[in-house]
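Breakdown of the fold
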Amino acid sequence: IDFGHGVASGKIILMGEHSVVYGKPAIALPFKQAQISSKVFKTNDKITIDSFYHKGYLDDAPDTLYGIKQLIYIVLVYLKQPFHGIHIQIESSLPPQRGLGSSASVSIAIVRSLFDAFKVELSQERLNYFVDVAEQIHHVNPSGLDAITIAFGQAVFYQKDLGKTLIPLKMDAVIVVADTGKKGLTKEAVQEVKQLWTDNPTIVSPIMDRLEELTNEVRTYLETNEIIRLGLAMTEAHQLLRSIKVSDDLLEKLVEVSLLNGALGAKLTGGGKGGCMIALAQNEDQGIRIADALKNAGAVNTWLYDLKEIVL
Ligand code: MEV
């Protein structure tokens, strides 16, 4: 039987992916429709893990799990526990590498389960610290947005050096999330944007500035329930993200299909280059129609996200 249990959601970025890496603001929401859970079992063996990427000894885990491996060791050191005698079982309904925050989510689920197993209280700050460490190893230079959003489980307005503000949402709208089924290459996308900016500073700087403006505007639209303006801002943000080359053919098609089917706005979400997109619908019925159209256009999965349901 398991003696420690931790759960974490995914996240969707409403505004500010990529620009957030450069200290601009971003708005992200916890994505609770899909989750990752971690359970800790007692054993008489070295540490073993059962996950999507690896089943067996933690020591033998592939490079993709390097951040997770380091995280587990660091947490066990903090908890004054030996590096043996536990089995960690990860279960996920959150597709990996789709810009939905699965790497931060799995880290958070694991940290929560280990603290639960050894009956140590876990503060938000401590959790964030551990997850940031794992994200640093995994992503090289992450903004920290994913970790903050998932750890707090609330809508956040976030800026790298300024930290987070939790934002209350009272939006009368539904977001459709669609998965292209293609792996999003966040790390590569972030590096390519950096290169593009170095090579073309006069083109990329104003794009980042406009993303910043739009994100600030969207914050007020969320507070005042201005759904039409929110939609327009999302679509403009998508065009800006496309111009810094983080979109791809299927993302383009899904954005177009959303708008043709009445979405008020649509954009890629997360790192791009594959991964997921989001579309803004007026209500659930329209959301369902858009989701069906997206599936017909090639989306492998869709979720409806009611913006009224995120209460503080
Ligand atoms: C990752 O979910 C979103 C990016 O902005 C990268 C980051 O914030 O570290 C592309």
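Residues numbered from 1 in each chain as written. Predicted model: local features only at pLDDT ≥ 70, side-chain atom pairs only at ≥ 80, totals over all residues. Heavy atoms only, no water.

Brief notes about the packing of aromatic side chains
- Enumeration according to the criterion identifies ten aromatic pairs in this entry.
- On the basis of an interplanar angle of 90 degrees and a centroid distance of 5.3 Å, the ring pair of Phe31 and Trp303 is categorised as edge-to-face. Here the residue Phe31 occupies a position in strand 2 (residues 26–46), and Trp303 occupies one in strand 11 (residues 301–306), the gap between them amounting to 272 residues.
- Using a relative accessible area of 0% as the deciding quantity, one classes Phe31 as buried.
- With a centroid separation of 5.6 Å and 75 degrees between ring planes, the pair formed by Tyr78 and Phe130 is classed as edge-to-face. Note that Tyr78 is positioned in helix 1 (residues 66–78) and Phe130 in helix 3 (residues 124–139), a separation of 52 residues in sequence.
- For Tyr78, a relative accessible area of 36% puts it in the partly exposed group.
- Through a chain of ring-to-ring contacts, three or more aromatic side chains come together here, namely Tyr78, Phe115, Tyr129 and Phe130. (Phe/Tyr/Trp six-rings, centres within 6.5 Å; stacked < 30°, edge-to-face > 60°. Helix = DSSP H or I, 4+ residues; strand = E, 2+ residues; numbered from the N terminus. Buried < 20%, exposed > 50% of the residue type's maximum accessible area, 1.4 Å probe, protein only.)

Describing the site of the ligand
- Near the ligand you find Lys11, Ile13, Glu17, His18, Val20, Val21, Pro142, Ser143, Asp146, Val190 and Gly271, and these make up its full shell.
- The contact in question runs from an oxygen atom of the ligand to an N or O atom on the side chain of Asp146, over 3.0 Å.
- Here the ligand loses 93% of its free accessible area of 300 Å² to cover by the protein chains.
- Here the residues of the shell around the ligand are counted per class, giving five nonpolar, three polar and three charged. (Near = heavy atom within 4 Å. Polar contact = N/O pair within 3.5 Å; in protein donor to acceptor, adjacent residues only side chain to side chain. Areas by Shrake-Rupley, 256 points an atom, 1.4 Å probe, with all protein chains shown as cover. Nonpolar A, V, L, I, M, F, W, Y, C, P; charged D, E, K, R; others polar.)

Observations concerning the sheet that holds strand 8 (residues 174–179)
- Read from one edge of the open sheet, four strands run 9-10-8-11, paired in antiparallel fashion. What marks the edges here is a single partner per strand, and that holds for strand 9 (265–269) and strand 11. Strand-to-strand twist across the sheet, computed as the mean angle between neighbouring axes with direction ignored, equals 20 degrees.
- Of the strand pairs in this sheet, strand 9 and strand 10 (residues 276–281) are connected by five bridges, and their pairing is antiparallel. Pairing of Thr269 across the sheet is with Cys276, part of strand 10.
- Sitting on the sheet, helix 8 (residues 249–260) is in contact with strand 9 and strand 10, with an inclination near 160 degrees to strand 9. (Pairing = 2+ DSSP bridges. Axes fitted to C-alpha atoms, helices over the stretch in contact; angles between N-to-C directions. Contact = heavy atoms within 4.5 Å.)

Some points on the nonpolar core
- Among the nonpolar cores identified, the biggest contains 108 residues, and Leu14, Leu114 and Ile175 are the most heavily contacted of them.
- Considering each element in turn, this core owes the most residues, nine residues, to helix 2 (residues 102–117).
- Each of domain 1 (2–166) and domain 2 (174–309) accounts for three or more of the residues forming this core.
- Apart from the residues within four sequence positions on either side, Leu114 is in contact with Val40, Ile72, Val75, Leu76, Leu79, Ile86 and Ile88. (Core = buried A, V, L, I, M, F, W, Y, C linked by side-chain atoms within 4.5 Å. Domains from an automatic or database assignment.)

Notes on the environment of Ser143
- As for its position among the elements, Ser143 is in the loop between helix 3 and helix 4 (145–152).
- Look at Ser143 and you get buried, because its relative accessible area is 12%.
- Those residues in contact with Ser143, other than ones at most four positions away along the chain, are Val20, Val21, Tyr158 and Lys160.
- A distance of 3.2 Å separates a polar side-chain atom of Ser143 from the backbone nitrogen of Leu145.

Regarding the domain arrangement of the protein
- Here the protein is partitioned into domain 1 (2–166) and domain 2 (174–309).
- A straight line from the C-alpha centre of domain 1 to that of domain 2 covers 24 Å.
- Of the roughly 3000 Å² buried between domain 1 and domain 2, counting both surfaces, carbon and sulfur atoms make up 67%.
- Summed over the three residues of domain 1 that lose the most area to domain 2, namely Met15, His18 and Arg98, the buried surface amounts to 23% of that side.
- Between Asp209 and Lys24 there is a salt bridge; the shortest N-O distance is 3.0 Å.
- Between the two partners, domain 1 and domain 2, sit 13 residue pairs in polar contact (both at pLDDT 80 or more).
- The set of elements that each furnish at least two residues to the side of domain 1 that touches domain 2 consists of strand 1 (2–15), strand 2 and helix 3.
- Of all the elements, strand 2 adds the most residues to the side of domain 1 that touches domain 2, at six residues. (Buried area = accessible area lost by both parts, 1.4 Å probe. Salt bridge = Lys/Arg side-chain N within 4 Å of Asp/Glu carboxyl O.)

Overview of helix 6 (residues 201–224)
- A rise of 1.5 Å per residue sets the reference length of helix 6, with its 24 residues, at 34 Å; its end C-alpha atoms lie 35 Å apart and thus fit the reference within 8%.
- The complete set of buried residues in helix 6 reads Val204, Ile207, Met208, Leu211, Leu214, Thr215, Val218, Tyr221 and Leu222.
- In this structure, the buried residues of helix 6 make contact with strand 1, strand 2, strand 6 (156–159), helix 5 (186–199) and helix 7 (227–243).
- At the C-terminal side of helix 6, Asn225 shows a positive phi close to 60 degrees. (Expected span 1.5 Å × (residues − 1).)

Some thoughts on unusual backbone geometry
- Its identity as a non-glycine residue notwithstanding, Lys80 has a phi of 55 degrees, on the positive side.
- Mapped onto the elements of the fold, Lys80 is located in the loop between helix 1 and strand 5 (84–92).
- Positive phi outside glycine occurs at Lys245, with the angle close to 70 degrees.
- Along the polypeptide, Lys245 turns up in the loop between helix 7 and helix 8.

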